[in-house]
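Given next are the chains, with one letter for each unit.
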Amino acid sequence: MQRPLAACLLTALALTLALAGCSGPATPEAKDTRAPTVPSGVTATAGSASTVHVMWSAATDDRAVTGYAVYREGRKVKDLPATTLMTDVVGLAPATPHRFTVRARDAAGNVSPPSPTVTATTLRAAAEDRTPPTAPGALRATAAGSRAATLRWSASADDTAVTAYDVYQADVRIHTVPGDATTTRVTGLRPGTAYAFTVRARDAAENSSPDSAPADLTTAAAPGAPANTAPTGLTATATKGEITVTWTPPDTGAPVTHHELHLNGRFATTIIWGGEPPPGRATYTFPVQDPPGTRYTVTLRARLPDGTWGDFSASRTVVVR
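What you see is a predicted model; the values in this text were computed from it and never measured. (Residues numbered from 1 in each chain as written. Predicted model: local features only at pLDDT ≥ 70, side-chain atom pairs only at ≥ 80, totals over all residues. Heavy atoms only, no water.)

K.L.:
So what about the overall build of the chain? Which residues, and what values?
P.N.:
The helix and strand inventory of the chain stands at one helix and 21 strands. Against the compact-globule benchmark of 20 Å for 321 residues, the chain has a radius of gyration of 28 Å, which places it well outside the compact range. Each principal axis of the C-alpha atoms in the chain carries an extent, and together these give about 100 × 65 × 40 Å. For the chain, with 321 residues in total, the buried portion stands at 39%. Sequence-distant contacts in the chain: of pairs separated by 6 or more residues, those separated by 24 or more amount to 64%. For the chain, the accessible surface area stands at approximately 17,300 Å², while carbon and sulfur atoms represent 56% of it. For the chain, the centre of its 29 positive side-chain charges and the centre of its 26 negative side-chain charges are spaced 5 Å apart. (Helix = DSSP H or I, 4+ residues; strand = E, 2+ residues; numbered from the N terminus. Rg over C-alpha atoms; globule rule 2.2 N^0.38 Å. Buried < 20%, exposed > 50% of the residue type's maximum accessible area, 1.4 Å probe, protein only. Contact = heavy atoms within 4.5 Å. Areas by Shrake-Rupley, 256 points an atom, 1.4 Å probe, with all protein chains shown as cover. Lys, Arg positive; Asp, Glu negative; His and termini not counted. Charge placed at Lys NZ, Arg CZ, Asp CG, Glu CD.)

Structure representation (structure tokens):
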């Protein structure tokens with residue numbers, strides 16, 4: 001005999017409640033009470049009479065580090081995201097020692113103990129100085145495995161003194177070393193990736209030199225990864241109202257008929273050869289309407305025979321005329 005619908009619903013409800021009672025309440029996620037590790041490798045370098053550059057190595061956490069705080073004389077002066085491992089502390093008194101520590105934090109608000117204290121003495125305030133140092137010379141970049149590089153350059157000259165060298169990648173400052181250094185190690189790179197570095201010298205009045213000539217390198221690929229497919233030998237030059245780029249397409253085993261041009265990290269246009277692409281180096285000129293002094297970071301990548309896009313070239317910075 002068929003049971004009434006109401007009886008079926010009551011039976012189903014009772015079964016559901018019984019199962020819920022058997023399963024018990026959901027186990028709450030354990031509270032995060034473990035603080036990140038102490039940031040290591042903290043350094044402080046005076047860049048001028050009023051600035052100090054502070055750097056450190058990443059801390060670790062059982063879940064994730066979400067940020068860092070920089071302290072001067074025990075007082076917090078900077079809050080930074082987890083992706084940032086250096087900062088400039090500005091507005092300091094000249095010719096004065098300043099003490100810095102760094103602490104890491106996680107999403108639960110746990111804060112690491114402070115790092116060991118490092119000290120940097122700001123430079124003496126100099127008379128009015130408007131003359132920048134000369135550009136560093138003979139910059140060389142050597143890959144150190146798949147995630148680091150060693151840079152070396154020739155010293156700049158200045159009418160007073162070079163107080164710091166700033167390392168740039170894709171027109172973004174990524175590292176600073178004292179003015180008496182002519183070599184440094186850059187870490188945090190990606191395997192199998194093309195990079196271009198430049199270096200600028202700086203004096204106590206914060207005058208910066210022109211960029212050095214760029215130095216390119218490609219880090220070692222990860223085990224089992226395909227070979228790098230980036231265009232090489234990229235140059236970018238500006239004349240009034242236009243920019244010309246030249247490069248060598250990658251060797252893909254077939255003619256490369258399409259390239260993507262990116263400006264400041266954003267897609268700008270696709271360069272297409274309707275027929276057989278030119279042998280050897282390729283050239284492309286495009287108009288610009290930005291005011292003189294506008295800076296562009298230029299990169300390229302090629303379309304591979306399988307229809308996918310290859311690796312990006314090392315970048316070049318060009319200034320609109």
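Additional details are given in the paragraphs that follow.
K.L.:
Now, about the sheet that holds strand β12 (residues 183-187): what can you tell me, with residues and values included?
P.N.:
A sheet is described by the order of its strands in space; here three strands give the open sequence β8-β9-β12, paired in antiparallel fashion. One side of each edge strand has no neighbouring strand; the edge strands of this open sheet are β8 (137-143) and β12. Direction aside, neighbouring strands of the sheet carry axes that sit 20° apart on average. With five bridges connecting them, strand β9 (residues 148-154) and β12 associate as antiparallel partners. Counterpart to Arg-152 in the pairing with β12 is Thr-183. (Pairing = 2+ DSSP bridges. Axes fitted to C-alpha atoms, helices over the stretch in contact; angles between N-to-C directions.)

K.L.:
Tell me about the packing of aromatic side chains, residues and numbers included.
P.N.:
On inspection of all chains with the given rule, the structure shows five aromatic pairs. With centroids separated by 6.1 Å and ring planes inclined at 25°, the aromatic side chains of Tyr-284 and Phe-286 adopt a geometry described as stacked. Of the residues examined, Phe-286 reaches a relative accessible area of 7% and is grouped as buried. Just above the ring of Tyr-168 sits the side chain of Arg-200; from NZ or CZ to the centre is 3.8 Å. (Phe/Tyr/Trp six-rings, centres within 6.5 Å; stacked < 30°, edge-to-face > 60°. Lys NZ or Arg CZ within 6 Å of the ring centre and 35° of its normal.)

K.L.:
Tell me about the environment of Asp-129, and name the residues and values.
P.N.:
Secondary-structure assignment places Asp-129 in the loop between β7 (118-121) and β8. Here Asp-129 falls in the buried class, since its relative accessible area comes to 10%. When the C-alpha atoms of Asp-129 and Asp-203 are compared, they prove to be 9.0 Å apart, with 74 residues separating the residues in sequence. With residues up to four places along the chain from it excluded, the contact list for Asp-129 reads Asp-158, Asp-159, Thr-160, Asp-203, Ala-205 and Asn-207.

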